[in-house]
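Structural description and commentary
So the chains spell out like this:
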Amino acid sequence: MTNEIILEAAERIRQAHTRGRPCEPVRDILPAMCLQTAYAVQRVNTQHWVEQGRRVVGCKAGLTSTSVQTQLGVNQPDFGVLFADMFVSDGADVAIHEVMQPKVEAEVALVLERDLDMSQPTVADVIRATAYLLPAIEIVGSRIHKWDINIVDTIADNASSGLYVLGSSPKKLTEVDLRLCGMVMERRGEQISVGAGQACLGNPLNAAVWLARTFVEQGTPLKAGDTILTGALGPMVQVAPGDRVEARISGLGSVRVGFAAEAY
Ligand SMILES: C[C@H](O)CC(=O)C(=O)O
């Protein structure tokens, strides 16, 4: 029975994605507040997309800051996977319809040069494995109608992932204090989100350690070359056609993206 429900929830989300039309929440058919089942739904769809030829290139943490947790009425972090086709170049325009109900958030991205396959990776392991850092804008979206989500819905929906933009000027961990770095995000030149590294579980490195441990525990350790999005440093903000968004993170530089009405 549970397996059938998992498959049904996975199919509902997949169809919403494929048809470009949001669906009803899946929490109605899944066991209440059962994160394990929600991740099982996520895994079914990850496997489906991999079989369809999509390539997993890393992972994202979500809900790591209290500002986003408050916006969505949840109280714990979650994670999803990143596919190569979700990557957007710095400064590019994306068609607004590529992500359902899009919102932007500014984050720190880590790119690994070593596998994190030891048991219980520590912050020392994460630091040693990190090749460089980049500023990032994550364009989150929900395949659930009107973002009517709880933690089960967003986990099942691959942590409400959409696309992600990476800055193009890598920095070393030794050059930046990730706890103290400030973040400002602007839309059409107007400030829309402000935050700091500390807002992300005390330090984006803590989010990376949590992800590294979680992926080891589930038997799919993070690998050299993987990109890790560590989670928003400030509130997420809705975007509309014509918007241009720039996020600046002190020590890391800037990253930009535009939203066009038409498909590119
Ligand atoms: C709903 C999203 O998972 C939020 C997110 O990506 C973040 O908080 O970061």
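So, here is what we can say about the structure in this document. What you see is a predicted model, and the numbers here were worked out from it, not measured in a lab. (Residues numbered from 1 in each chain as written. Predicted model: local features only at pLDDT ≥ 70, side-chain atom pairs only at ≥ 80, totals over all residues. Heavy atoms only, no water.)

Now for the packing of aromatic side chains. The tally for this structure, following the rule as stated, stands at 4 aromatic pairs. Both rings, one in Phe 79 and one in Trp 210, keep their centres 6.1 Å apart while their planes meet at 65°; by these two values the pair is edge-to-face. Highlighted residues: Phe 79 in strand β2 (residues 78-83) and Trp 210 in helix α6 (residues 204-217), separated in sequence by 131 residues. On the accessibility criterion, Phe 79 (5% relative accessible area) is buried. For Trp 210, a relative accessible area of 26% gives the class partly exposed. Following the ring pairs from residue to residue traces out a cluster consisting of Tyr 39, Phe 79, Trp 210 and Phe 215. It is Lys 103 that lies over the ring of Trp 147; its NZ or CZ is 4.7 Å from the centre. (Phe/Tyr/Trp six-rings, centres within 6.5 Å; stacked < 30°, edge-to-face > 60°. Helix = DSSP H or I, 4+ residues; strand = E, 2+ residues; numbered from the N terminus. Buried < 20%, exposed > 50% of the residue type's maximum accessible area, 1.4 Å probe, protein only. Lys NZ or Arg CZ within 6 Å of the ring centre and 35° of its normal.)

Okay, the pairing of β2 next. Counted residue by residue, β2 has 6 buried out of 6 residues, so it is predominantly covered. Here strand β1 (residues 56-62) runs beside β2; their pairing, made up of 6 bridges, is antiparallel. Bridge pairing in β2 links Gly 62 to Asp 78. (Pairing = 2+ DSSP bridges.)

Here we take up the packing of helix α1 (residues 2-19) against helix α2 (residues 35-51). Where α1 meets α2, the axes come as close as 9 Å, and the angle between the chain directions of the two elements is 55°. Comparing their axes, α2 and α1 come out oblique. Between α1 and α2 the crossing geometry is right-handed. When α1 is examined against α2, the residues Thr 2, Ile 6, Leu 7, Ala 9, Ala 10, Ile 13, Arg 14, His 17 and Thr 18 are found in contact with a partner set consisting of Thr 37, Ala 40, Val 41, Val 44, Asn 45, His 48 and Trp 49. Along the lines of polarity and charge, the residues of the contact of α1 with α2 split into 9 nonpolar, 6 polar and 1 charged. (Axes fitted to C-alpha atoms, helices over the stretch in contact; angles between N-to-C directions. Parallel < 35°, antiparallel > 145°, perpendicular 65-115°, else oblique. Left-handed = near helix turned anticlockwise from the far one by under 90°. Contact = heavy atoms within 4.5 Å. Nonpolar A, V, L, I, M, F, W, Y, C, P; charged D, E, K, R; others polar.)

A word on empty space enclosed by the protein. Evaluated as defined, the whole model comprises 1 cavity of 30 Å³ or more. The computed volume of the largest cavity comes to approximately 110 Å³. Forming the boundary of the largest cavity are 16 residues, of which Lys 60, Gly 62, Leu 63, Val 68 and Glu 105 lie nearest the centre. Counting residues per element, the ones that place at least two in the lining of the largest cavity are β1 and α3 (66-72). Its residues assigned to classes, the lining of the largest cavity comprises 8 nonpolar, 5 polar and 3 charged. (1 Å grid on protein atoms, 1.4 Å probe; cavity = no way out; pocket = protein on both sides within 12 Å on 5 of 7 lines; lining within 4 Å. Points joined across faces, edges and corners; volume = space filled by probe spheres on them.)

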